Amino acid sequence: MTDDFTDRLIAALPSLRRFALSLARAPDVADDLVQITVERALAAQDRYDPSTPLMAWLFRILRNAFIDMTRRTRTRGAETDIADAPEAASVDGPRETEARVMLDQTMAAMRDLPEDQRAILTLVCVEELSYAEAAAVLDIPVGTVMSRLSRARRALASRLGME
């Protein structure tokens, strides 16, 4: 039964794919449905009743697979292909949350700093300007940049409880 069954299953693939496309309306989902159908049919071939038309049996398996997939998709919610959101590939939920909270706290603490310290922190630590570039932007000596930056870092650390 296996050789004849496999041959008939292979011959049914184009019809299965057309039916899957009509249900799913997406080629990649249709291909998944056909694969699921073939896997299930091969696993259950000993339960196939030869008096039943093979195509009807395979179409029923495919339709049930589609229903299962639809239910899973509904309960799973929105999905995004990883290729469409590469930044999501390596997201560590707790670490991402901690980083977001720390960033929010740091931004709030920076808003409380005096304007001259906030400006120097932004230029050097956020915008990554050199001390000389920051001095040129603010029209102050490099030594003043270094002393303001030092005071700003200490004040920020204090506000964040990192002393």
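The structure we're discussing is the one just above.
Residues numbered from 1 in each chain as written. Predicted model: local features only at pLDDT ≥ 70, side-chain atom pairs only at ≥ 80, totals over all residues. Heavy atoms only, no water.

**Concerning the environment of Gln117**
And step 1. Mapped onto the fold, Gln117 is located in helix H5 (residues 115-126).
And step 2. Discounting chain neighbours no more than four positions away, the residues touching Gln117 are Arg148, Arg151, Ala152 and Ala155. (Helix = DSSP H or I, 4+ residues; strand = E, 2+ residues; numbered from the N terminus. Contact = heavy atoms within 4.5 Å.)

**Re the packing of helix H6 (residues 131-138) against helix H7 (residues 142-159)**
And step 1. Relative to each other, H6 and H7 sit at 100°, their axes nearing to 9 Å. Considered as vectors, H6 and H7 are oriented roughly perpendicular to each other. Residues Tyr131, Ala132, Ala134 and Ala135 of H6 form the contact with H7, whose own contacting residues are Val142, Val145, Met146, Leu149 and Arg153.
And step 2. Residues that form the contact of H6 with H7 fall into these classes: eight nonpolar, no polar and one charged. (Axes fitted to C-alpha atoms, helices over the stretch in contact; angles between N-to-C directions. Parallel < 35°, antiparallel > 145°, perpendicular 65-115°, else oblique. Nonpolar A, V, L, I, M, F, W, Y, C, P; charged D, E, K, R; others polar.)

**A short note on the packing of H5 against H6**
And step 1. Where H5 meets H6, the closest approach of the two axes is 9 Å, and the angle between their N-to-C directions is 135°. Viewed along their axes, H5 and H6 adopt a mutual orientation that is oblique. In this structure, H5 crosses over H6, and the sense of that crossing is right-handed. Only Tyr131, Ala134, Val137 and Leu138 of H6 make contact with H5, whose side of the interface consists of Ala119, Ile120, Leu123 and Val124. (Left-handed = near helix turned anticlockwise from the far one by under 90°.)

**Points about the packing of aromatic side chains**
And step 1. Counted under the stated rule, the structure contains four aromatic pairs.
And step 2. Relative to Tyr48, the ring of Phe5 has its centre 5.9 Å away and its plane inclined at 55°; by these criteria the two rings are tilted. One end of the pair, Phe5, is in helix H1 (residues 2-24); the other, Tyr48, is in the loop between helix H2 (27-43) and helix H3 (54-76), and 43 residues separate them in sequence.
And step 3. With 6.1 Å between their ring centres and 65° between their planes, Phe5 and Trp57 make a pair best called edge-to-face. Here Trp57 lies in helix H3 and Phe5 lies in helix H1, a separation of 52 residues in the sequence. The burial state of Phe5 is the same as that of Trp57; both residues are buried.
And step 4. Ring pairs connect the aromatic residues Phe5, Tyr48 and Trp57, which therefore count as one cluster. (Phe/Tyr/Trp six-rings, centres within 6.5 Å; stacked < 30°, edge-to-face > 60°. Buried < 20%, exposed > 50% of the residue type's maximum accessible area, 1.4 Å probe, protein only.)

**Some words on the nonpolar core**
And step 1. Residues Phe5, Leu33, Ala41, Trp57 and Leu58 are the most contacted members of the largest nonpolar core, which totals 21 residues.
And step 2. Within the residue set of this core, elements represented by two or more residues are H1, H2 and H3.
And step 3. Top contributing element to this core by residue count: H3, with seven residues.
And step 4. Residues in contact with Trp57, not counting those within four places in the same chain, are Phe5, Ala41, Ala44, Gln45 and Tyr48.
And step 5. Counting residues in each nonpolar core, the second largest holds 15 residues, with Met110, Val124, Ala135 and Ala152 among its members. (Core = buried A, V, L, I, M, F, W, Y, C linked by side-chain atoms within 4.5 Å.)

Everything listed here is a matter of geometry and, on its own, says nothing about what the molecule does.
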